[in-house]
Every structure is written in structure tokens, then in C-alpha cells.
Amino acid sequence: MFMEYELRRSRRKTLAVYTDKEGRLIVRAPYSVTDREIERFLEIREKDIQIYLEKQMEKRRALEDVRVLSDEEILRLKENAAKVITQRVVTLSERLGISYGRIGIRLQKTRWGSCSAKGNLSFNAVISIMPEEIMDYVIIHELCHRIEMNHSGRFWSLIGDAIPDYREKRKWLKENGDRYMRMVNLR
């Protein structure tokens, strides 16, 4: 085999490759896929995987330069986030005519926001220090889950009606989100 990797099997339906925090290659596979099929998958995609690994290494290097907030600064961030995010949720929900239950704000390692089946919204405090249009994108994304609890075409149509350039906001979040998570030492 051309590279070392850690294999993680689950009830997923497809093979996927990603890196963990330390830059190790992780292969996620369904239980039904044989080791030989996994090896073949990796061989066929070797060049793409190498490019992916190089990009991930560049991202990790760039994160080394990010200033991590002190405990005191993180405490102030959480306090401010509760006010700022709640205020934006109220404003945006009224504008869109979408109701919600409770609002929760906390530091999360992997999510920007979520919406429960009961209509409760939860947001990562980190979004409060991002550009306002990115914070609004995350909030509107979760509010739209109150209408469509999935990521179907209908869901993305709702997002597009509210934010015509949502793809750019989503791209920005993917490209810059790790820097913000690093500031609060979550990545």
C-alpha cells in the first residue's frame, strides 16, 4: 500500500477519506466493504489523496499563526455571543416569518449551529466574532431547518430565497472557519 491510514468502519454507505487533527489519514468505510476494495479505492485515488493531504498540511501550518484567546477573552466572547446571536435570531426570524423555541449558545468543536425537532436552536459562540453576513448565514440556515429538517433541494431553495449568494458564504465558512475555531483552541 502506498500510504498509512487508520480504518474506521461504520454503517455509512460510501468510502471517504479525511485527516484528523494530527494530520493522519483516516478512511471511513461501510462494514460491507472488504479490505481489498478499500485498497483499490485508495490506489485509484492516490493522486487526489496526495493533493488533499498537501492542502490539509497547508491549512494546519496556517493555523499555527492564529492567536489563541485567553480564558478571560473566551469568557467575554461567550457572554457577548449570547447577546449578539440572540438579537440576530430575533431580527432574522421576524424578517423571515419563522418561529423557533429556545436559543442555546456554547462553544462547539464541530458545528456552527443546529436545530432540534422541537425547534430549539443552538449556535456556536464563535460565529459572533465572524463577519455579520456569515453569522447571519448560519442563523438563517438553522431557521430554515424549522421548515425543512434536512438538506434537500427544497431546503437549499429556502436558503437561496433568503440569501441569494449563500454559496459564497458557505465557501467562506469552509475556508476560514478553522481559523476562528483555533482562536478558542478548538482545532
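Cut-offs applied
Residues numbered from 1 in each chain as written. Predicted model: local features only at pLDDT ≥ 70, side-chain atom pairs only at ≥ 80, totals over all residues. Heavy atoms only, no water. Helix = DSSP H or I, 4+ residues; strand = E, 2+ residues; numbered from the N terminus. Buried < 20%, exposed > 50% of the residue type's maximum accessible area, 1.4 Å probe, protein only. Contact = heavy atoms within 4.5 Å. Lys, Arg positive; Asp, Glu negative; His and termini not counted. Charge placed at Lys NZ, Arg CZ, Asp CG, Glu CD. Pairing = 2+ DSSP bridges. Axes fitted to C-alpha atoms, helices over the stretch in contact; angles between N-to-C directions. pLDDT = per-residue confidence, 0-100. Disulfide = S-S within 2.5 Å. Salt bridge = Lys/Arg side-chain N within 4 Å of Asp/Glu carboxyl O. Expected span 1.5 Å × (residues − 1). Polar contact = N/O pair within 3.5 Å; in protein donor to acceptor, adjacent residues only side chain to side chain.

**Thoughts on the overall build of the protein**
- When helices and strands are counted, the protein shows six helices and six strands.
- When the helices and strands of the protein are read in sequence order from the N terminus, they spell out β-β-β-α-α-α-β-β-β-α-α-α.
- The principal-axis extent of the C-alpha atoms belonging to the protein is close to 55 × 40 × 30 Å.
- Expressed as a percentage of the 187 residues in the protein, the buried residues total 37%.
- Across the protein, the fraction of contacts at a sequence separation of at least 24, relative to all contacts at a separation of at least 6, is 52%.
- The average position of the 37 basic charges and that of the 29 acidic charges among the side chains of the protein differ by 5 Å.

**Considerations on the sheet that holds strand E2 (residues 16–19)**
- Taken together, the three strands give an open sheet; going across it, the order is E1-E3-E2, and neighbouring strands pair in mixed fashion. A strand with exactly one partner marks an edge of an open sheet, and here the two such strands are strand E1 (6–10) and E2. Sheet twist, expressed as the mean angle between neighbouring strand axes with direction ignored, is 30°.
- Sheet analysis places E1 next to strand E3 (residues 25–30), joined by five bridges and oriented parallel. Residue Arg8 lies in a different strand from E3, and its bridge partner there is Arg28.

**With respect to the confidence of the model for the protein**
- Mean pLDDT over the protein: 92, with 98% of residues reaching 70 or higher.
- Between the elements of the protein, mean pLDDT differs from a low of 86, seen in helix H2 (residues 46–63), to a high of 98, seen in helix H4 (residues 132–144).

**Describing the state of the cysteines**
- One pass over the structure, following the stated rule, counts zero disulfides.
- Cysteine Cys115 shares no disulfide, and the gap to the nearest cysteine sulfur, in Cys144, comes to 10 Å.
- By relative accessible area, which is 3% here, Cys144 ends up buried.

**Points about the pattern of salt bridges**
- Taken as a whole and assessed by the stated rule, the structure comprises eleven salt bridges.
- Close ionic contact of Lys59 with Asp178 constitutes a salt bridge, the shortest N to O distance being 3.9 Å. Of the two residues, Lys59 is situated in helix H2 and Asp178 in helix H6 (residues 166–183); the sequence distance between them amounts to 119 residues.
- In this structure Lys59 comes out as partly exposed when scored by relative accessible area, which is 33%.
- The salt bridge partner of Lys169 is Asp165, with a shortest N-O separation of 2.7 Å.
- On the basis of relative accessible area, Asp165 is assigned to the partly exposed category, the value being 28%.
- Bridged by salt links that share partners, the residues Arg88, Glu132 and Asp136 form one connected network.

**Quick word on the sheet that holds strand E4 (residues 103–106)**
- Taken in spatial order, the three strands line up as E4-E6-E5 in an open sheet, and their pairing is mixed. Each end of this open sheet is capped by a strand with a single partner; those strands are E4 and strand E5 (113–115). Each strand axis lies, on average, 15° off the axis of its neighbour in the sheet, ignoring direction.
- With three bridges connecting them, E5 and strand E6 (residues 121–124) associate as antiparallel partners. Within E6, the residue paired with Ser114 across the bridge is Ser122.
- Here helix H3 (residues 71–96) sits on the sheet in contact with E4 and E6, set at roughly 145° to E4.

**Considering H6**
- Under the 1.5 Å per step criterion, the end-to-end length of H6 is 25 Å for 18 residues, consistent within 8% with the ideal 26 Å.
- What H6 keeps buried is the set Tyr166, Lys169, Leu173, Gly177, Tyr180 and Met181.
- Contacts made by the buried residues of H6 are with E6, H4 and helix H5 (153–162).

**As for the environment of Arg9**
- Turning to its location among the elements, Arg9 is positioned in strand E1.
- Expressed as a C-alpha distance, the spacing of Arg9 and Tyr31, which sit 22 residues apart in the sequence, is 5.6 Å.
- Excluding its chain neighbours within four sequence positions, the residues that come into contact with Arg9 are Ala29, Pro30, Tyr31, Val33, Thr34, Asp35 and Ile38.
- Reaching out from Arg9, the side chain makes a polar contact with the backbone oxygen of Tyr31 at a distance of 3.5 Å.
- Reaching out from Arg9, the side chain makes a polar contact with the backbone oxygen of Val33 at a distance of 2.6 Å.

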